[in-house]
Amino acid sequence: MTDTSAGTSGSRRRLLAHRAAVLGLPLALLGAGIGSSAVVSHVLERSGTEHARVAADELAAGEATALGEAVRSYTSTLESLAAVVGNQPALTDDQFQDLTATMTSLPGVANLSYTVPVADDPQAVARAQQDLRAQLGTQLTLKPQPVTIGEHRFVVSYRAVDAVGSSLGADAAAVPQIAAAATAARDTGRVAVTAPYVLIADRSLPVEEQQQSVLFVAPVVGGPGQADKGAFRGWVSAAFRTGTVLESTAERPSALGAELTLWDTTDAADPKELTVVDPEAALAEHSTGADVIAASRRWRLQVTPTARAHAEEVGQGPVVAFAAGGAASLLLAALLFSVTAGRERARRKVEQATLDLAAEVASRRRSEEALRTRESELGAYTTVVADRLRLPLSRLSALADAARETESWTSADWHERLDAVDRRLDRARRLVDDLLLYAQVSEMALSERAVDLFATGTLVADEQEALSAHLPEELQPRIEVGPLPEVVGEPWLLHQLLARLVDNAVVHAPAGQPAVVTLGAELTGSRFRGEVWRIEVRDRGLGVPSDRRASVFEPFAGEAADVELGGNHLSLALCRRIALRLGGDIGLEDDPRGGSVFWFTLPVRSTAGVPVAAAAPAPPVPALA
């Protein structure tokens, strides 16, 4: 690897040196000319950009001032209306309509209303409706809604200006934004403004036609000459669509070259967009802003110039300077380059041919190495199969010889011997199957499915309990399947992985005690390094000595060659191959409460659009390569 890296590095150096020798003068001339042009262009552009920023700042300040004046006008007008209403002994609906007639010309106003508080009690609501009908001279119907503030706040007089439908009789306490602003207005005795919301009268419109609006709320108290002097009566309010308000203050030639966005920044951690005045043009990269105080709330007006307006401020000087200098430099460099262009093209063709040949040689070398590795593995498998099958076959041969020489065997003796034959043949068959799977799993074609590991773990637990049904009840394994995630992978391999780890935990239970196995999962890693699921199989078994942990996942690790095939010593080695094939890892830890924790990891992947695995995964058809 070091020699290859050094050779590649040397080739690159020679390549760079050759190109520098052939193209050095044209590129140096072109670079010097373009660099000088770029410096002049940059200086001109920085100057123009600074002018554009100053213009944007002036535009933001002017628009914020105009909007602030509009807000102050709305506030003073509403305060005047509240004072006039407070000086009426008993306001009628006709009086309210007359008093608000002049306010319909306010830019952006959607409706005007008079709201009164009523206790949260059905009888109080009924009495209030009767009294208000008599006072207002209308057939008012109050519509109480469930509230959490201990009182209803009914709209008893209503004037629609630019709204569809009516909020007359509506319970404003059910709208959190209105309830909060109304409470603030009553507590402070001053005009309050709501957080952005959709008007009650607009909520019947299609969603795409609904605008964000705000409500200016002023408290009404009994006037100096009234019997209830200083007593709180209710609120007068004016609803404004913020888009119309901002457009009305921005309709000047200077505002047409920028996008205006109004934000409610009262909660600095969660600003909310009120409206956007968008000229539907490409925008410049920079923007500026100015704050606007709207009674109890803070707004921020963000101004982003259009690309066209920015370009007009910057001017054509940078482009002209760079284009003229670049064209002159390019012309001179092209004259020099034309002499060596043919030679450079020929050299690149030779270089590419050399690289292609080197790539082909490297590919063949990798194929040969893989073939040698495969041959080595096949040789090892042949040795293992011959060595591991020698003992059961010799036992079968001995049994056959004994059968020929013994004439006194009873039927029970024959059945006992034949059962022993079946067990040895079954173990040999499972060894051959596992050897084939061990050889093929690294190259097995995977079918990605969405797999519910909880369902798979439950199936594995049921299978293990069925295999242990012949044991006394006190020795039957106890397998608990905790919460497990849904993952993407090969269903049959995932089933094999869980089944073998659970079987390993059951087999290594302490003598005379039932196996206790727990399946669980946790999410580990991070968004930057990649999150993975860690699936754990905990047991209360004998544990694994520290000197064997490094080799526990190796095939036939630490086993004598002529050991009786009482267990499958490829199982954990297969688990490691399966985990790696699925893109994860596997490992072993001590459980502080006793026993071991075998774990494996799987990448976290979305199951959206992935076919769902069948309930019981079927094994792939075995095939010999």
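As shown above, the structure is provided for reference.
Before going into details, it helps to say that this report is about the structure given with it.

Cut-offs used in this document
Residues numbered from 1 in each chain as written. Predicted model: local features only at pLDDT ≥ 70, side-chain atom pairs only at ≥ 80, totals over all residues. Heavy atoms only, no water. Helix = DSSP H or I, 4+ residues; strand = E, 2+ residues; numbered from the N terminus. Buried < 20%, exposed > 50% of the residue type's maximum accessible area, 1.4 Å probe, protein only. Pairing = 2+ DSSP bridges. Axes fitted to C-alpha atoms, helices over the stretch in contact; angles between N-to-C directions. Patch = residues over 30% accessible without salt bridge, like charges linked within 9 Å, V, L, I, M, F, W, Y side chains within 5 Å. Areas by Shrake-Rupley, 256 points an atom, 1.4 Å probe, with all protein chains shown as cover. Salt bridge = Lys/Arg side-chain N within 4 Å of Asp/Glu carboxyl O. Phe/Tyr/Trp six-rings, centres within 6.5 Å; stacked < 30°, edge-to-face > 60°. Contact = heavy atoms within 4.5 Å.

Mapped onto the elements of the fold, F216 is located in strand β4 (residues 213-221). Overall, the relative accessible area of 1% leaves F216 in the buried class. The sequence separation of F216 and S296 amounts to 80 residues, and the corresponding C-alpha distance is 9.8 Å.

Taken together, the 5 strands give an open sheet; going across it, the order is β11-β13-β14-β16-β15, and neighbouring strands pair in mixed fashion. Every interior strand has two partners, whereas the edge strands, β11 (478-481) and β15 (586-590), have only one. This sheet shows a mean twist of 20° between the axes of neighbouring strands, independent of strand direction. Bridging between β15 and strand β16 (residues 596-603) involves 5 bridges; their strand directions are antiparallel.

This part takes up a nonpolar patch on the surface. Side chains of L331, L332 and L335 sit close together on the surface and give an oily, nonpolar patch of about 310 Å² of accessible area. Residue L332 is classed as partly exposed on the basis of its relative accessible area of 45%.

This part covers the packing of aromatic side chains. Remark: the centre distance and the inter-plane angle together describe each pair of aromatic rings, the angle taken between the planes. This structure, assessed with the given rule, holds 5 aromatic pairs. Taking the centre distance of 5.8 Å and the plane angle of 85° together, the rings of Y74 and F216 count as edge-to-face. Highlighted residues: Y74 in helix α1 (residues 2-86) and F216 in strand β4, separated in sequence by 142 residues. Taken as a pair, Y74 and F216 share a single burial class, namely buried. With 4.1 Å between their ring centres and 15° between their planes, Y74 and F240 make a pair best called stacked. Of the two residues, Y74 sits in helix α1 while F240 sits in strand β5 (residues 232-241), which places them 166 residues apart along the sequence. As far as the burial class goes, Y74 and F240 line up, both buried. Among the aromatic residues, ring-to-ring pairing joins Y74, F216 and F240 into one connected group.

This model, assessed by the stated rule, comprises 17 salt bridges. Note that E151 and R186 form a salt bridge whose closest N and O atoms lie 3.1 Å from each other. Separated by 35 residues along the polypeptide, E151 in strand β2 (residues 151-160) and R186 in helix α4 (residues 176-188) bring together distant segments of the chain. Classification of E151 as buried rests on a relative accessible area of 14%. Here R605 ties to E448 by a salt bridge, and the two come within 2.9 Å at their closest N and O atoms. Linking R605 in the segment after β16 with E448 in the loop between α8 (411-440) and β10 (449-452), this pair joins segments that are 157 residues apart in sequence. Look at E448 and you get partly exposed, because its relative accessible area is 39%. Overlapping salt bridges, with partners in common, bring together E522, R534, E536, R538, R540, E589, D591 and R593 in one network.

The next point concerns the sheet that holds strand β6 (residues 258-264). Pairing within the open sheet is antiparallel, and its 4 strands lie in the order β7-β6-β9-β8. Two strands lie at the open edges of the sheet, namely β7 (272-277) and β8 (288-294), each paired on one side alone. Between one strand and the next, the sheet's axes are offset by a mean angle of 20°, whatever the strand orientation. Here 5 bridges tie β6 to β7, and the two strands are oriented antiparallel to one another. The partner of W263 across the bridge, within β7, is E273. Helix α5 (residues 242-250) rests against β6, β7 and β9 (297-305) of the sheet, and its axis sits at about 45° to β7.

On to the environment of T138. By the secondary structure assignment, T138 is in the loop between α3 (122-136) and β2. As a C-alpha pair, T138 and D94 span 44 residues in sequence and 9.3 Å in three-dimensional space. For T138, the contacting residues outside a window of four places in its chain are D93 and R133.

Here the focus is the pairing of strand β13 (residues 516-524). Examined bridge by bridge, β11 and β13 share 4 bridges and lie parallel to one another. What sits directly across from I479, in β13, is V517. Bridge count between β13 and strand β14 (residues 532-539): 8 bridges; the pairing is antiparallel. Along β14, the bridge assignment pairs T518 with R538.

Any functional reading would require information that these geometric values do not contain.
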